[in-house]
Amino acid sequence: MDIEKVFKNIVLLDFAVFVLLFISMIMEPEEITNISESLGTGIWDENTITLIFMVFLIVYLINLVLLYKFVSFGKLLYLILFILGIVLPLTTGPIISSSLTYTLEWIGGATSGGILVLLYFSPIKDKFIKP
């Protein structure tokens, strides 16, 4: 199978997991949401967390398009978003989620790892064009 096709399929899989994760968070049982809300919000207030999440969401989705089209800026932006995706949750306090959400988070981490490996350690890195 062509490495370019594999990379594009993993990017599409990452998008699908991201959408499913978003849906699973919206459809979480009320009991889990109530417990999670009672735990606090870490160092941020609720409005700030929402703003940060929405900005991250928009930039992440744009970045997936950049990766799919092999735009070179997408490589660096994906790495930055990956690191932010690890660091930001450390500042938001405890979170309780359903088993579906938890599983989708793990799958999302695996696809992100696959994308990073292909971006920096495979011949696909040479396919990215300068804008």
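Cut-offs used in this document
- Residues numbered from 1 in each chain as written.
- Predicted model: local features only at pLDDT ≥ 70, side-chain atom pairs only at ≥ 80, totals over all residues.
- Heavy atoms only, no water.
- Salt bridge = Lys/Arg side-chain N within 4 Å of Asp/Glu carboxyl O.
- Helix = DSSP H or I, 4+ residues; strand = E, 2+ residues; numbered from the N terminus.
- Buried < 20%, exposed > 50% of the residue type's maximum accessible area, 1.4 Å probe, protein only.
- Axes fitted to C-alpha atoms, helices over the stretch in contact; angles between N-to-C directions.
- Parallel < 35°, antiparallel > 145°, perpendicular 65-115°, else oblique.
- Left-handed = near helix turned anticlockwise from the far one by under 90°.
- Contact = heavy atoms within 4.5 Å.
- Nonpolar A, V, L, I, M, F, W, Y, C, P; charged D, E, K, R; others polar.
- Phe/Tyr/Trp six-rings, centres within 6.5 Å; stacked < 30°, edge-to-face > 60°.
- Lys NZ or Arg CZ within 6 Å of the ring centre and 35° of its normal.

Enquirer: Pulling in residues and values, what's your account of the pattern of salt bridges?
Expert: Applying the stated rule across the entire model yields 1 salt bridge. In this structure, Glu 4 and Lys 127 form a salt bridge, with 3.4 Å as the shortest nitrogen-oxygen distance. Taken together, the residues Glu 4 in helix α1 (residues 3–26) and Lys 127 in the segment after α5 (99–121) connect sequence positions 123 residues apart.

Enquirer: Describe in detail the environment of Val 117, supporting the description with residues and values.
Expert: By the element assignment, Val 117 lies in helix α5. Overall, Val 117 belongs to the partly exposed group, its relative accessible area being 45%. In sequence terms Val 117 and Ile 58 are 59 residues apart; their C-alpha atoms lie 23 Å from each other.

Enquirer: If you had to explain the packing of α1 against helix α3 (residues 46–68) to someone new, which residues and values would you point to?
Expert: Where α1 meets α3, the closest approach of the two axes is 9 Å, and the angle between their N-to-C directions is 160°. Taken together, the axes of α1 and α3 are roughly antiparallel relative to one another. Classified by chirality, the crossing of α3 by α1 is left-handed. Two secondary-structure elements touch here, α1 through Phe 7, Lys 8, Val 11, Leu 12, Asp 14, Phe 15, Phe 18 and Phe 22 and α3 through Phe 53, Leu 57, Tyr 60, Leu 61, Leu 64, Leu 67 and Tyr 68. Residue composition of the contact of α1 with α3, grouped by class: 13 nonpolar, no polar and 2 charged.

Enquirer: A description of the environment of Ser 97 should follow, citing residues and the corresponding values.
Expert: By the secondary structure assignment, Ser 97 is in the loop between α4 (73–87) and α5. When the C-alpha atoms of Ser 97 and Ser 24 are compared, they prove to be 9.3 Å apart, with 73 residues separating the residues in sequence. Apart from the residues within four sequence positions on either side, Ser 97 is in contact with Glu 28, Ile 32 and Tyr 102.

Enquirer: Provide a residue-level description of the packing of aromatic side chains, including the pertinent values.
Expert: Enumeration over the complete set of coordinates arrives at 8 aromatic pairs. Here the aromatic rings of Tyr 60 and Tyr 78 are separated by 6.0 Å at their centres, their planes lie at 40°, and the arrangement is tilted. With a gap of 18 residues between them, Tyr 60 in helix α3 and Tyr 78 in helix α4 connect regions that are remote in the sequence. Assigned by exposure class, Tyr 60 and Tyr 78 land together as buried. In this structure, Lys 8 packs its charged tip against the face of Tyr 68, placed 4.7 Å from the ring centre.

In short, the description is geometric, and any link to function would need to be established separately.
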